[in-house]
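Per-entry structural report
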Amino acid sequence: MSRVLVTGATGTVGRHVVTLLGEAGAEAVALSRSAGDLTDPGSLPLDGVEAVFLVWPFATAEGARAVVEAVAGRARRAGRSAGAGGLGKIVYLSSAALRAGEREVEGLIEGSGLEWTFLRPHAFAGNALRWARQVRAGAVRGAYGQAAGLVVHERDIAAVAVRALLDEGHHGAAYELTGPDVITQADQVRIISEVTGIPARWEEIPLDRARADLLARGWPPEAVDGVLQAQAEGSRVQASVTSTVEEVTKSPASTFRQWVTEHAGAFRTPPKAAPIMRAARIHRFGDASMIRQDEVPTPRPGPGEVLVEVAATSFNPSEVGLRSGLLPEVFQATLPHTLGWDVSGTVVETVAGVTTLAPGDRVFGMVSGAAAEYAVAPAEVLVKAPESIPLADAAAIPVAGLTAWQAIFEHARITPEQRVLINGAGGGVGRFAVPLAKLAGAHVTATAGPRSADAVRRTGADEVVDYTEAPLPGGMDVLLNLIAIPEDAAKALAGLGRLIVTIATPIEGGTHFVMRYDPGQLAAMAALIDEGRLAVEVAESHPLSELPEIHRRAESGDTHGKITLYP
């Protein structure tokens, strides 16, 4: 039985090497802290070993010479050399990029007198797992979405390694390894969405924002720049598939779709939450500069609660009042306070007694402190998210959608054929109120400015009035006012409808109300969305770090529609 030392035995390639060696009848000696250390070559378990699979996990080749010499010295002491059998064979996992450190390690091995084979794979299919959280949220954002890639399954790399370790005829070979297809980043996301059933898309963003996002996730600057440079080259250079995997293993290379099928669960269910998370918090009331991005302990669910990996929260204008310290009797907050009420995300953890939700469930609802990477919520307040839209988009629904639902069905009690005027239809609430009024059978006239008129038409309004150009029509059965207006304008609106409902400025003779949270109504809206009878339109989406700027824009009147923010 052949005996092979496998370094990196628990890594993405090494674990497959261990498995395939066993299937081939060979013995794998897995390197671990308790059985050897690459930084201490004298500790390597080389007794009885006939070949070595070398993964060098460090950024430079520093220390590699001693390891190669330890292997070569062991071969010399045993009186063995290249082609003579026994210890003397080394298979090194390099890369197609051939970075400086990899070239140096290859040079050391070539000059060692050992029988050698180099594996130079292109991008690992497993790299797609870095997108798992974004896939669950519904949008993978990055630069160079059309960059061509040669993605290879890690098991195929291991299969080539095992043949080189156990068979003759591979000495001096440098194998460039690819999958069977040239595939772009955007295509990878599309395939992940198709296989997992998770609505997800590629979203192209500017290069500087892509770099900032990667840095915010903790990537070292040199790694970020290396990845972006490789992607830039991939967008310019025509990639070529190699047939090496099939030639060496006698089996076709696996497709990316096959890899995703095998790893679909890793995209659907989040891993255990990290102990520290980022959150958008205020430590005192004031202007938008009070909003800070803090690192805080990840909350733990208590009785009846679940921990949610946040896909997105959304901005609500009322949060400006909370942040500013206005109306403290309404917007009560203990400082420091994590912002955000709307939430959508994936359940990470439940506690004993929670039976309605399980890890991996996609949910949405309202919870204090949603502007963070994770949030804790009572299970009873969360609702299964619509299955037909990206999860992050569901964060646009709770506050705005429930306000519109209650205005239409509880306070206005709109019936078929009624004429309804919706003032402020271009806002977040308006973009739900218009289609809900249409579902109630009303004839809807909506007011909107030039920038939001097209979006309001898409929601189904029968007529759109540009309030900057034309007077508002009267003779309505119902007037629904969704925006703050001056006192004189409120008086003018009072005569436009027989029944008046307002969520903002009180209007004489009208009903003014504040939305109440109702999970049952949210569930009804989710059903309408999945039936294709109600659409969710997100006007803008930004990283959570841009929340202060969104607050500033809102205060200057420069926001329209629903804005979501993702961690």
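Definitions and limits used
- Residues numbered from 1 in each chain as written.
- Predicted model: local features only at pLDDT ≥ 70, side-chain atom pairs only at ≥ 80, totals over all residues.
- Heavy atoms only, no water.
- Core = buried A, V, L, I, M, F, W, Y, C linked by side-chain atoms within 4.5 Å.
- Buried < 20%, exposed > 50% of the residue type's maximum accessible area, 1.4 Å probe, protein only.
- Helix = DSSP H or I, 4+ residues; strand = E, 2+ residues; numbered from the N terminus.
- Contact = heavy atoms within 4.5 Å.
- Pairing = 2+ DSSP bridges.
- Axes fitted to C-alpha atoms, helices over the stretch in contact; angles between N-to-C directions.
- Parallel < 35°, antiparallel > 145°, perpendicular 65-115°, else oblique.
- Left-handed = near helix turned anticlockwise from the far one by under 90°.
- Nonpolar A, V, L, I, M, F, W, Y, C, P; charged D, E, K, R; others polar.
- pLDDT = per-residue confidence, 0-100.
- 1 Å grid on protein atoms, 1.4 Å probe; cavity = no way out; pocket = protein on both sides within 12 Å on 5 of 7 lines; lining within 4 Å.
- Points joined across faces, edges and corners; volume = space filled by probe spheres on them.
- Salt bridge = Lys/Arg side-chain N within 4 Å of Asp/Glu carboxyl O.
- Polar contact = N/O pair within 3.5 Å; in protein donor to acceptor, adjacent residues only side chain to side chain.

What follows concerns the nonpolar core. Nonpolar side chains in soluble globular proteins generally cluster together in the buried interior. Judged by nonpolar contacts, the single largest core of 67 residues is most densely connected at Phe-364, Ile-397, Ile-414, Ile-422, Leu-436, Leu-480 and Leu-547. The dominant element in this core, judged by the number of residues it contributes, is helix α13 (residues 398-411), at 7 residues. Among residues more than four places away in sequence, those in contact with Leu-480 are Ala-407, Ile-408, Leu-421, Ile-422, Asn-423, Ala-433 and Val-501. Listed in part, the 29 residues of the second largest apolar core include Leu-93, Ala-164, Tyr-175 and Ala-253.

Looking now at the pairing of strand β16 (residues 362-366). Within β16, 5 of the 5 residues are buried, which leaves the element mostly enclosed by the surrounding structure. Residues Arg-362, Phe-364 and Met-366 line one face of β16 and the alternating positions Val-363 and Gly-365 line the opposite face, and both faces are buried. Sheet analysis places strand β15 (residues 342-350) next to β16, joined by 5 bridges and oriented antiparallel. Directly across from Gly-345, in β16, lies its bridge partner Val-363. Two strands pair when backbone bridges link them, and β16 and strand β18 (residues 383-384) are joined in this way by 2 bridges, in the antiparallel orientation. Pairing of Val-363 across the sheet is with Lys-384, part of β18.

With their axes 8 Å apart at the nearest point, helix α1 (residues 14-23) and helix α5 (residues 154-166) run at an angle of 50° to one another. With respect to each other, α1 and α5 are oriented oblique. Crossing handedness for the pair α1 and α5: right-handed. Facing α1, whose interface residues are His-16, Val-17, Leu-20 and Leu-21, α5 presents Glu-154, Arg-155, Ala-158, Ala-159, Ala-161, Val-162, Leu-165 and Leu-166. Its residues placed into classes, the contact of α1 with α5 shows 9 nonpolar, 1 polar and 2 charged.

Pairing is parallel across the open sheet formed by 6 strands, whose spatial order is β21-β20-β19-β22-β23-β24. Two strands bound the open sheet, and with one partner strand each, they are β21 (463-466) and β24 (511-512). Sheet analysis places strand β19 (residues 419-423) next to strand β22 (residues 476-481), joined by 4 bridges and oriented parallel. Residue pairing for β22: Val-420 is matched across the bridge by Val-478.

To continue, consider the sheet that holds strand β2 (residues 27-30). Sheet architecture is open: 6 strands sit in the order β2-β1-β3-β4-β5-β8, paired in parallel fashion. Each having just a single partner strand, β2 and β8 (173-177) make up the two edges of the open sheet. Mean inter-strand twist for the sheet, computed between neighbouring axes without regard to direction, equals 20°. Judged from the 4 bridges that link them, strand β3 (residues 51-54) and strand β4 (residues 89-93) form a sheet pairing that is parallel. Residue pairing for β4: Ala-51 is matched across the bridge by Lys-89. Along the sheet face, α5 touches β1 (3-6), β3, β4, β5 (115-121) and β8 and points at about 165° away from the line of β4.

Right, let's talk about the confidence of the model for the chain for a bit. The predicted model of the chain has a mean per-residue pLDDT of 92, with 96% of residues at 70 or higher. Within the model, pLDDT remains below 50 along residues 81-85, and this stretch shows 5 contacts once partners closer than five positions in the same chain are excluded.

With that settled, the discussion passes to the layout of surface pockets. Space inside the second largest pocket adds up to approximately 1,700 Å³. Along its surface, the second largest pocket is lined by 50 residues, and Pro-317, Ser-318, Leu-482, Ile-483 and Ile-503 are the ones closest to its centre. Within the residue set of the lining of the second largest pocket, elements represented by two or more residues are α12 (318-324), α13 and β20 (443-448). Grouping the amino acids of the lining of the second largest pocket by side-chain chemistry returns 29 nonpolar, 19 polar and 2 charged.

So, about the pattern of salt bridges. Scanning the model with the defined rule gives 32 salt bridges in all. Where salt bridges share partners, they join Asp-187, Arg-190, Glu-194 and Arg-257 into one cluster.

Let's shift gears to unusual backbone geometry. Looking along the chain, the bond that leaves Leu-335 and enters Pro-336 is cis, with omega of -5°. Residue placement: Pro-336 occurs in the loop between α12 and β14 (337-338). Phi angles above zero are rare outside glycine, and Arg-413 is one such case at about 50°. Its location among the elements puts Arg-413 in the loop between α13 and β19. Backbone geometry places Glu-417, a non-glycine residue, at a positive phi of 75°. If you trace the backbone, Glu-417 turns up in the loop between α13 and β19.

Let us now look at the packing of α13 against helix α14 (residues 430-439). Packing of α13 against α14 brings their axes to within 8 Å, and their N-to-C directions diverge by 40°. Viewed along their axes, α13 and α14 adopt a mutual orientation that is oblique. When the axes of α13 and α14 are compared, the crossing they make is right-handed. Counted together, Ala-400, Gly-401, Ala-404, Trp-405, Ile-408 and Phe-409 of α13 and Phe-432, Ala-433, Leu-436 and Ala-437 of α14 form the full contact between these two elements. Looking at the contact of α13 with α14, its residues break down into 9 nonpolar, 1 polar and no charged.

Attention now goes to the side chain of Thr-298. Along the chain, the position of Thr-298 falls in the loop between β12 (291-297) and β13 (305-314). Note on Thr-298: relative accessible area 8%, which makes it buried. At 2.6 Å, the side chain of Thr-298 and the backbone oxygen of Ala-274 are in polar contact. The contact partners of Thr-298, leaving out residues within four places of it in the chain, are Ala-273, Ala-274, Pro-275, Ile-276, Met-277, Leu-307 and Tyr-374.

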